[in-house]
Number of protein chains: 2
Amino acid sequence: MFTLAEENYLKAIFHLEHESSGEVSTNAIAESMETKPSSVTDMIQKLAEKKLVVYKRYKGAQLTEKGKKIAANVIRKHRLWEVFLVEKLNFHWDEVHEIAEQLEHIQSEELITRLDKFLGSPDFDPHGDPIPDKHGVLKRTEKKLLSEIEKTQKGVCVGVKESSADFLQYLDKKKISIGTKITVLGKEFFDGSMIIQVGNEQFFISKTVAENLFVQTL
Amino acid sequence: MFTLAEENYLKAIFHLEHESSGEVSTNAIAESMETKPSSVTDMIQKLAEKKLVVYKRYKGAQLTEKGKKIAANVIRKHRLWEVFLVEKLNFHWDEVHEIAEQLEHIQSEELITRLDKFLGSPDFDPHGDPIPDKHGVLKRTEKKLLSEIEKTQKGVCVGVKESSADFLQYLDKKKISIGTKITVLGKEFFDGSMIIQVGNEQFFISKTVAENLFVQTL
DNA sequence: CTTTATTTTTAGGCTTAACTAAAAATAAAA
DNA sequence: TTTTATTTTTAGTTAAGCCTAAAAATAAAG
Ligand SMILES: [Mn+2]
Ligand SMILES: [Mn+2]
Ligand SMILES: [Mn+2]
Ligand SMILES: [Mn+2]
């Protein structure tokens, strides 16, 4: 129905709309897709013709309902495949993203219906990201960045903002995964760094780390 | 490493080489891929530059060792995915080919290694076709077309030559699947039609059917 | 309110993988 | 061995999706 390139643009716009509301700028799309702004203009004009985005020259793009639904479905597929790779094929959570980037474009409604069932209709992917339902509805959960919680508070890790292999491997080294309890022992006003407790270990983390870990406060 | 189009051409040439030995003609490739001969010429010239086929003008194409290996690997992936779809997702054997046509192009050595293990390293796909090993080696098994066996002989169904949904659904209706025992009760010299016994049922089959069923004689 | 900087779009090109139409080579028939 | 038919290749287009360079619009400074 839609090309690989079209699906990737819709997905990128969808993610950017969730990061900051309103229209998404040409440059923002270009940056997130590692492509040139001129290429983005070409594509959003094509998507506008197909009524997948609303586009006004120099004003950026916004997904239509139809565009949103398609994007959410691609994301649903991506995340279901990530669950498959981790739960069934025993991949590690830092290895699955690239493969899911390919698998998310496989066209077959029936395949996804059956895959979802096979996996037990999971609600979250291996990185803690919610899986949209078959209608493209994404239920938002209560979660905060670790950087937002205060000294002496406890939280349980429910997801990662960044899911680069580097970051995930850092978390492994520190024994942090989805479900891990974290206590904030100290918070440095100056640079946002923290001292946290994980299990019996206490250690230092940078602001960068704290800003990329989602927690639910206990 | 190789584009989707390149992989599909290599696969088609591989299959054609097994149907009749020697060079594969431009027209034969075009027909099997539902494309035009001029497009085929373009592509085999490109494949020849990449040393995946040997090509002499007006003489057709032949896979090099490298070309054969790549083709066999695509076929390996196709068949492993078909096993996955049938064994794990409970698809029916007439529904999996189109989806496997897409999945066979997913790029990840590790994925295939793990998928193969997950499936218990199967030797055959749901249509009875052998799955090449990781080095691209395809072990040939003893099998004949049902049309080649004689009256009063018995065989067990080990595969299908055609695997169109129409044919597979016909076989279902007749209760024939991989492993089914078939006895040839009569064979019409005139048109190659047969009377066969499957379970307690005896019925007529056309030459077309007999020429598309592989059996091992008992 | 100009001037300058940034963002975005247009114009023109490139590559891949198709296509049609015409030319060239090979195979088959007379 | 000509003539005819078939197969294959070449030449020239097209569409998608990218690119660079230049122009136009918008935003930020002075
Ligand atoms: Mn991912
Ligand atoms: Mn994920
Ligand atoms: Mn198949
Ligand atoms: Mn098969």
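Because the structure is a prediction, the values reported are computed rather than measured.

**Overview of the coordination of the manganese ion (ligand 3)**
Four donors placed tetrahedrally about a metal ideally form angles of 109.5 degrees, and six donors placed octahedrally ideally form angles of 90 or 180 degrees. Coordination of the manganese ion (ligand 3) by the protein comes from His-78 of chain B (NE2), Glu-82 of chain B (OE) and His-97 of chain B (ND1), over a distance range of 2.0 to 2.1 Å. Between the donor residues of the manganese ion (ligand 3), the gaps in sequence give the motif H-x3-E-x14-H.

**Some remarks on the relation of the copies chain B and chain A**
Aligned on chain A, chain B shows an RMSD of 0.1 Å; the corresponding rotation is 180° and the shift along the axis is 0.0 Å. When the rotation and shift are considered jointly, the pair of chain copies conforms to a two-fold rotation axis. Of the C-alpha atoms belonging to chain B, the one lying closest to the rotation axis is found on Leu-103 of chain B, 3.8 Å away. Most of the interface of chain B is mirrored in chain A, where 100% of its interface residues again form contacts.

**Considering helix α1 (residues 4-19) of chain B**
All names here are of chain B. Look at α1: 23 Å from first C-alpha to last across 16 residues, which is about the 22 Å you get at 1.5 Å a residue. Within α1, burial applies to Glu-6, Glu-7, Asn-8, Tyr-9, Leu-10, Lys-11, Ala-12, Ile-13, Phe-14, Leu-16 and Glu-17. Check the buried side of α1 and you find it contacts α2 (26-33), α3 (37-49), β1 (53-56), β2 (60-63), α4 (65-88) and α5 (97-103).

**A short note on the domain arrangement of chain A**
Assigned domains of chain A: these are domain 1 (4-63) and domain 2 (144-217). Here domain 1 of chain A and domain 2 of chain A have C-alpha centroids that lie 33 Å from each other.

**Some points on a nonpolar patch on the surface**
Residues and elements named next belong to chain A. On the surface, Leu-185, Ile-195 and Phe-204 cluster together into a nonpolar patch covering about 250 Å² of accessible area. Mapped onto the elements of the fold, Phe-204 is located in strand β7 (residues 201-205). Since its relative accessible area comes to 48%, Phe-204 is described here as partly exposed.

**Examining the protein's contact with DNA strand D**
Of all residues adjacent to DNA strand D, which total 21 residues, the nearest are Thr-3, Ser-39 and Lys-46 of chain A together with Gln-45 and Tyr-55 of chain B. Backbone atoms, meaning sugar plus phosphate, form 75% of the atoms of DNA strand D positioned within 4 Å of the protein. Between DNA strand D and Asp-42 of chain A, the relevant distance is 3.4 Å, taken from a base nitrogen to a side-chain nitrogen or oxygen of the residue. Secondary-structure elements contributing two or more residues to the surface near DNA strand D are α1 (4-19) and α3 (37-49) of chain A together with α2 and α3 of chain B. Ranked by residue count, the leading element in the surface near DNA strand D is α3 of chain A, at five residues.

**Section: the packing of α1 of chain B against α3 of chain B**
All names here are of chain B. At a closest axis distance of 11 Å, the pairing of α1 and α3 adopts a crossing angle of 95°. In terms of their interaxial angle, α1 and α3 are classed as roughly perpendicular. On the side of α1, the interface is formed by Ala-5, Glu-6, Tyr-9, Leu-10 and Ile-13, while α3 contributes Ser-39, Val-40, Met-43, Ile-44, Lys-46 and Leu-47. When grouped by side-chain class, the residues that make up the contact of α1 with α3 number eight nonpolar, one polar and two charged.

Here is what the cut-offs are and how they apply
Chains are numbered independently. Their residues run from 1 in the order of the written sequence. To read the labels, note that chains go from A and ligands from 1, taken in the order they are written. Per-residue local features are limited, in this predicted model, to residues with pLDDT of at least 70; the limit for side-chain atom pairs, both in listing and counting, is 80 or more; totals at the level of whole chains, interfaces and linings are taken over all residues. Side-chain figures throughout are based on the complete set of non-hydrogen atoms in the structure, without hydrogens or water. We call an atom a donor if it is N, O or S and sits within 2.8 Å of the metal, or 3.2 Å for Na, K and Ca. Water is not counted, so some sites may look partial. Residues below a pLDDT of 70 in either copy are left out; the C-alpha atoms of the rest, at least 70 in both, set the least-squares superposition of the copies. A contact between two residues is defined here by any heavy atoms of the two lying within 4.5 Å. To qualify as a helix, a DSSP run of H or I must reach at least 4 residues; to qualify as a strand, a run of E must reach at least 2; elements of each kind are numbered from the N terminus. Given the number of residues in a helix, its expected span is that number minus one, multiplied by 1.5 Å. For the exposure calls, accessible area comes from a 1.4 Å probe over protein chains only, and a residue counts as buried if that area is under 20% of its type's maximum, exposed if over 50%, partly exposed in between. An automatic or database domain assignment supplies the residue ranges for each domain. Excluding any residue in a salt bridge, patches collect residues exceeding 30% relative accessible area, merging like charges within 9 Å and nonpolar Val, Leu, Ile, Met, Phe, Trp and Tyr side chains within 5 Å. For the accessible areas, the method is Shrake-Rupley and the probe is 1.4 Å, while residue cover comes only from the protein chains on display. Salt-bridge detection follows one rule: a side-chain nitrogen of Lys or Arg within 4 Å of a carboxyl oxygen of Asp or Glu. It suffices for a single heavy atom of a residue to lie within 4 Å of a molecule or strand for the residue to be listed as near it. Between N or O atoms, a polar contact is any pair within 3.5 Å; within protein, one atom must be a potential hydrogen donor and the other a potential acceptor, and residues adjacent in sequence are included only when both atoms are from side chains. Every axis in this analysis is a line fitted to C-alpha atoms, fitted for helices over the stretch in contact. Angles between the N-to-C directions lie between 0 and 180 degrees. Any angle that falls under 35 degrees is termed roughly parallel, while one over 145 is termed roughly antiparallel, one within 65 to 115 roughly perpendicular, and all others oblique. Each residue gets one of three labels, nonpolar for Ala, Val, Leu, Ile, Met, Phe, Trp, Tyr, Cys and Pro, charged for Asp, Glu, Lys and Arg, and polar for the others, Gly among them.

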